[in-house]
Amino acid sequence: MADSRKRKSVVAAAAVFVILEIAAIFMLSGSRSLQDIWINKASHRTLATLWRSGESVRNYFSLDKQNKSLTTDNLILSARIRELGAEAGTPGKELADTVFGHFRYIPATIVKMSRNTQHNYIILDKGSADGIRPQSGIITSNGVVGVVHLVDEHYSYGITLMNPMLSVSARVGKAGPVATLGWDGHSSNGAVLRNLPLHHSIAKGDTVWTSGFSSVFPNDIPIGVADRVRMVDGSLNEADVELFQDFGALRYVVIIDNLDRDEISALEKEAVQ
C-alpha cells in the first residue's frame, strides 16, 4: 500500500513538471518580442566574441608594421619640431636648418647585431637599392646607434656605438662644450666624453647631444646624460655618459643619409690641396 502511494506521488509530481514546462513554452511562443530579445542577446554576444578575437589576431600580425611606422614617425616629428623651433627664432637656429631638410630618414630592421664582443656590429635590411650609402648614420628616437660601413644591394653592415672604432662629435647641453664621445668598452649603456676643456663646467645629469659638426649626424639628437666627471693628465676632463639607447632591446632603426655629404666632402678635399 505504501509503495502504491509513493508511485502515485512520483507520477503526480512528474505530471505537474510536464504541465509547467508546456505552459512556459506556450507563454514564450506567445511573446515573440521576448524570444527575439533572448536570441539577439545570444547572437550579439557570439558575434562580439568572434569580432574581438579576429581583431586581436589582426592587431598581433600588424604590430611589426606599426612599430616600424612609429619609429619613423618619431624621428620625423622630432626633426620637424626642431625645424619649427628654428623658424620661431629659438636658440640653435644657425644649426637647425641642417636637420630634416638636408637629411633623408630611411627606416630599417635589424637582421643581425652583436652585443658581446669588443667590436660590435649591426646588419640592416636596407642597401644600395634603397639609397643607402656608406657613412650614413644609424639612430633611433632614443639616440645614436652606429654608422653604416659597408653596403650591398639589399643589406648594410655598420659598426655600433659599442665599438671602439666609432666616435661621435657630441655637445654637453645645447650651448656647452663639444667633445668626442665613444664607448666605455665594457657596458651596454655606457660611453665616455673625452677631451673636455677644464674651464667648462659640466654637471651630473646634463644632457649630451650630437653636435652636428660632422656630415653623418644632424645636431641635437639626444645621446645620454653626463655622470661622473674626472680630470685626465691635469689638462682635460672626461665625463662618463649613461646612454638613452638600450642596445639590448633594439629591433628597428632609422638610417640617416646626408644629402649634401658629397658636396661637403668635395669642398674639404679642395681645401686640403
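Relevant structure appears above.
Calculation notes
Residues numbered from 1 in each chain as written. Predicted model: local features only at pLDDT ≥ 70, side-chain atom pairs only at ≥ 80, totals over all residues. Heavy atoms only, no water. Helix = DSSP H or I, 4+ residues; strand = E, 2+ residues; numbered from the N terminus. Buried < 20%, exposed > 50% of the residue type's maximum accessible area, 1.4 Å probe, protein only. Contact = heavy atoms within 4.5 Å. Areas by Shrake-Rupley, 256 points an atom, 1.4 Å probe, with all protein chains shown as cover. Pairing = 2+ DSSP bridges. Polar contact = N/O pair within 3.5 Å; in protein donor to acceptor, adjacent residues only side chain to side chain. Salt bridge = Lys/Arg side-chain N within 4 Å of Asp/Glu carboxyl O.

J.: I tried to follow the overall build of the protein on my own but got confused; where do I start?
T.: A count of helices and strands for the protein gives four helices and twelve strands. Burial statistics for the protein: of 273 residues in total, 33% are counted as buried. A fraction of 58% describes how many contacts in the protein between residues 6 or more apart in sequence connect residues 24 or more apart. With the model as given, the accessible surface of the protein reaches about 16,500 Å², and the carbon-plus-sulfur share is 59%.

J.: I'm lost on the pairing of strand β6 (residues 167–172) in this one. Help?
T.: Each regular strand carries side chains that alternate between the two faces of the sheet. Both β6 and strand β7 (residues 178–183) contribute to a ladder of five bridges, which runs antiparallel. By the bridge assignment, S167 is partnered in β7 with G182. Linking β6 back to β7 in an antiparallel pair, the connection comprises five residues, with G173 at a positive phi of about 70 degrees.

J.: Just checking my understanding: could you explain the environment of N258 for this structure?
T.: Structurally, the position occupied by N258 is in strand β12 (residues 252–258). Sequence separation of N258 and S214 is 44 residues, and the distance between their C-alpha atoms is 9.9 Å.

J.: Looking at this model, I keep getting lost on the side chain of T140. Mind explaining?
T.: On the secondary structure map, T140 appears in strand β3 (residues 137–140). Residue classification places T140 among the buried positions, given a relative accessible area of 7%. There is a polar contact of 2.4 Å between the side chain of T140 and the side chain of Q245.

J.: Please clarify how the pairing of strand β11 (residues 236–243) should be interpreted in this entry.
T.: The buried fraction of β11 amounts to six of the eight residues, a majority that puts the element mostly inside the structure. Two elements, strand β8 (residues 190–197) and β11, share six bridges in a ladder whose sense is antiparallel. Within β11, the position partnered with A191 by the bridge is V241. Between the end of strand β10 (residues 222–232) and the start of β11, which pair antiparallel, lie three residues, with D233 showing a positive phi angle near 60 degrees.

J.: Can you walk me through the pattern of salt bridges in this structure?
T.: When their charged atoms lie close together, side chains carrying opposite charge are able to pair. Counted according to the given criterion, the structure contains eight salt bridges. Note that K204 is salt-bridged to D227, the shortest N-O span being 3.6 Å. In this pair, K204 is assigned in the loop between β8 and β9 (207–210) and D227 in strand β10, connecting sequence segments 23 residues apart. Judged by its relative accessible area of 67%, K204 falls in the exposed class. For the salt bridge of R230 with E238, the shortest nitrogen-to-oxygen distance reads 3.4 Å. With a relative accessible area of 24%, R230 lands in the partly exposed category. The class of E238 is buried, set by a relative accessible area of 18%. Among the charged side chains, a salt-bridge network with shared partners connects R194, R228, R230, E238 and D240.

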